[in-house]
Amino acid sequence: MRQIIIIGSGPAGYTAAIYAARANLRPLLIASSVEAGGELMNTTEVENFPGFPEGIMGPDLMMKMQAQAERFGTEVVLDDVVSVDLTGDIKKVTLGSGAKHEALAVIFATGSAYRKLGLEDEDRLSGHGVSWCATCDGFFFRERTIAVVGGGDSAMEEASFLTRFADKVYVIHRKDSLRASKIMQDRAFTNDKIEFVWNSEVVGINGDETVKSVTLRDTVTGEQSELALQGLFIAIGNDPRVHLVHGQLDLTPEGTIAVAGRSSKTKVAGVFAAGDVIDPHYRQAVTAAASGTVAALDAEQYLTTLPKDLLAAADASDLELTPTA
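All chains use their own residue numbering, which begins from 1 and follows the written sequence. The predicted nature of this model means local features are confined to residues of pLDDT at least 70 and side-chain atom pairs, given and counted, to a pLDDT of 80 or more, with totals for whole chains, interfaces and linings taken over all residues. The side-chain figures draw on all heavy atoms in the structure; neither hydrogens nor water molecules are used.

(A) A look at the nonpolar core. Definition of nonpolar core: a set of buried residues of the types Ala, Val, Leu, Ile, Met, Phe, Trp, Tyr and Cys, connected through side-chain atoms within 4.5 Å. When accessible area is computed with a 1.4 Å probe and restricted to protein chains, residues below 20% of their type maximum are described as buried, those above 50% as exposed, and intermediate ones as partly exposed. Judged by nonpolar contacts, the single largest core of 38 residues is most densely connected at Ile 4, Leu 104, Ile 107 and Leu 303. Top element by residues in this core is helix 6 (residues 285-303). It accounts for seven residues. Any two residues whose heavy atoms approach within 4.5 Å at even a single point are treated as in contact. For Leu 303, the contacting residues outside a window of four places in its chain are Gln 3, Ile 4, Leu 25, Leu 104, Ala 105 and Leu 311. Each helix corresponds to a stretch of at least 4 residues labelled H or I by DSSP, and each strand to a stretch of at least 2 residues labelled E; elements are numbered beginning at the N terminus.

Below, the structure written as structure tokens:
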């Protein structure tokens, strides 16, 4: 039995692990078999994370975070969590390999997934013109022609932000009206750099090494056309990764895990959440890392309230570093 299990390996998960490990809690971090490192593994240069004035590649940043967590004693397992049982003082976590682990506290740092268009070349050109984060990648599109796909507040925020860099920003929307709030619509409509492409959906992304154009289909007539551009930002929403906790934890109207105030505490004692899985708005690496800090400190404080025999059992079995049968 562990004292802490951390599920997720983005900035929130690794930061929680660093703090927990430095507190001598010997955390087990379950990273994922195929998506270890989170969304930053799909990002090219990160220029807005403090401490890297020259910027750093997303995968390099995550490897450094992992190395720092491991340096202090975190055990990282590349496997997928398939189920959790959060009842009682001892939480149970089952992995895809069949291994079962127990812990007195669990931190969910499972993040969120950008919704994708589902096109063949979308992943291939990710980081080469296709992006899901204007604040992360907008700087690289200075004096370029780009497009934003979407019609909600997020899409309008992305488009308005991108006009700081790009010469031209198209907003591609499958309908003839927006679902964004009026203030966000007005801001976009009055921006000279933004042009709306109505009743259109992206059905193809074109380019060998970088994005050169997109193929559009008119949602009314079915006719197709090609729009030349150098960047495509997809802003059709995010889905928090909460499939493991349905029926066990409360969710917010936005679909994120509900926590108490500015803490990481869920409705279940000993269960905490951090990062994008509780944050439907900011979704930045630095805010996720800060949230991971909060979760580790909350979990550490919670452990001090448990009976000494439970803590002693966790201390003893932690040293064996083997999963339960």
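(B) Layout of the pairing of strand 17 (residues 231-234). Burial along strand 17 is two-sided: Gly 231 and Phe 233 and Leu 232 and Ile 234, pointing in opposite directions, are all buried. Think of it this way: DSSP has to see at least two bridges between two strands before they count as a pair. Direction of pairing for strand 10 (residues 130-131) relative to strand 17: parallel, over a ladder of two bridges. Along strand 17, the bridge assignment pairs Ser 131 with Phe 233. Summarising the sheet, strand 11 (residues 145-149) and strand 17 pair through four bridges and their orientation is parallel.

(C) Spotlight on the packing of helix 1 (residues 11-22) against helix 6. Their axes nearest at 7 Å, the elements helix 1 and helix 6 cross at an angle of 40°. Considering the relative orientation of helix 1 and helix 6, their crossing is right-handed. The segment helix 1 lies against helix 6, with Pro 11, Ala 12, Thr 15, Ala 16, Tyr 19 and Ala 20 engaging Ala 285, Ala 288, Ala 289, Gly 292, Thr 293, Ala 296 and Leu 297. Ten residues, namely Ala, Val, Leu, Ile, Met, Phe, Trp, Tyr, Cys and Pro, are considered nonpolar, four, namely Asp, Glu, Lys and Arg, are considered charged, and the remaining ones, Gly among them, are considered polar. Of the residues assigned to the contact of helix 1 with helix 6, the class counts are ten nonpolar, three polar and no charged. Between N-to-C directions, angles span 0 to 180 degrees; the directions come from axes that are lines fitted to C-alpha atoms, helices contributing only their stretch in contact. In this scheme, a crossing is called left-handed if the near helix is turned counterclockwise away from the far one by less than a right angle; it is called right-handed if the turn is clockwise.

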